[in-house]
Amino acid sequence: QVQLVESGGGLVQAGGSLRLSCAASGRTFSSYAMGWFRQAPGKEREFVAAISWSGGSTYYADSVKGRFTISRDNAKNTVYLQMNSLKPEDTAVYYCAADRVLATNDLYDYWGQGTQVTVSS
């Protein structure tokens, strides 16, 4: 069982930056791949970024490539999403997720409660 708690969301102007954190419970965090997803009002949840258990492999949605960076610190049981050059279309609730298998779909076993990111124009 893995419990996930996101933090770091907020209101930022376009062009600004935010860093999201996702703290995981459990002693097996380092064996899980982690993903970030987002859901904007009226839209389906979409993949943002994912990272392998070791951090050696990362994947990004085309819409965030070059602007967002996913990373993890297994000693702290935490995964991060550094978001730079934010755009109004990045506004959404951001969720972190954990699974034994690294994937870019939303078939992750464990999900956090989400954190709101709002980018003003």
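Residues numbered from 1 in each chain as written. Predicted model: local features only at pLDDT ≥ 70, side-chain atom pairs only at ≥ 80, totals over all residues. Heavy atoms only, no water.

A. Layout of the pattern of salt bridges. Applying the stated rule across the entire model yields 5 salt bridges. Residue Glu46 is joined to Arg38 by a salt bridge in which the shortest nitrogen-to-oxygen separation is 2.6 Å. Classification of Glu46 as partly exposed rests on a relative accessible area of 36%. Residue Arg38 is classed as buried on the basis of its relative accessible area of 5%. Notably, a salt bridge pairs Arg67 with Asp90, separated by 2.8 Å at the nearest N-O pair. Here Arg67, found in the loop between β6 (58-60) and β7 (68-73), pairs with Asp90, found in the loop between β8 (78-83) and β9 (92-99); they are 23 residues apart in sequence, far enough to count as distant. (Salt bridge = Lys/Arg side-chain N within 4 Å of Asp/Glu carboxyl O. Buried < 20%, exposed > 50% of the residue type's maximum accessible area, 1.4 Å probe, protein only. Helix = DSSP H or I, 4+ residues; strand = E, 2+ residues; numbered from the N terminus.)

B. Unusual backbone geometry, seen in detail. Positioned with a positive phi, Asn77 is a non-glycine residue whose angle comes to about 55°. Structurally, Asn77 can be placed in the loop between β7 and β8. Of the residues examined, Asn77 reaches a relative accessible area of 19% and is grouped as buried.

C. Inspection of the nonpolar core at higher detail. Counting residues in each nonpolar core, the largest one holds 36 residues, and the members touching the most others are Leu4, Met34, Trp36, Leu81, Met83 and Tyr94. If you list the elements that add at least two residues to this core, you get β3 (18-24), β4 (33-39), β5 (46-51), β7, β8, β9 and β11 (115-120). (Core = buried A, V, L, I, M, F, W, Y, C linked by side-chain atoms within 4.5 Å.)

D. Up close: the side chain of Arg72. Topologically, Arg72 is positioned in strand β7. One buried charged residue, Arg72, remains without a salt bridge, the closest side chain of opposite sign being Asp73 at 8.3 Å. In terms of polar contacts, Arg72 uses its side chain to reach the backbone carbonyl oxygen of Phe29, at 3.0 Å. For Arg72, the side chain forms a polar contact with the main-chain oxygen of Tyr32, separated by 2.7 Å. The residues touching Arg72, leaving out its near neighbours within four places in the chain, are Phe29, Ser30, Tyr32, Ala33, Met34, Ile51, Ser52, Trp53, Gly55, Thr78 and Val79. (Lys, Arg positive; Asp, Glu negative; His and termini not counted. Polar contact = N/O pair within 3.5 Å; in protein donor to acceptor, adjacent residues only side chain to side chain. Contact = heavy atoms within 4.5 Å.)

E. The arrangement of the pairing of β7 in detail. Residue alternation in β7 divides its side chains into a buried set, Phe68, Ile70 and Arg72, and an unburied set, Thr69, Ser71 and Asp73. With 6 bridges connecting them, β7 and β8 associate as antiparallel partners. Bridged to Asp73 within β8 is Thr78. Remark: 4 residues form the turn of the hairpin made by β7 and β8, two consecutive strands paired antiparallel; Asn77 in that turn has positive phi of roughly 55°. (Pairing = 2+ DSSP bridges.)

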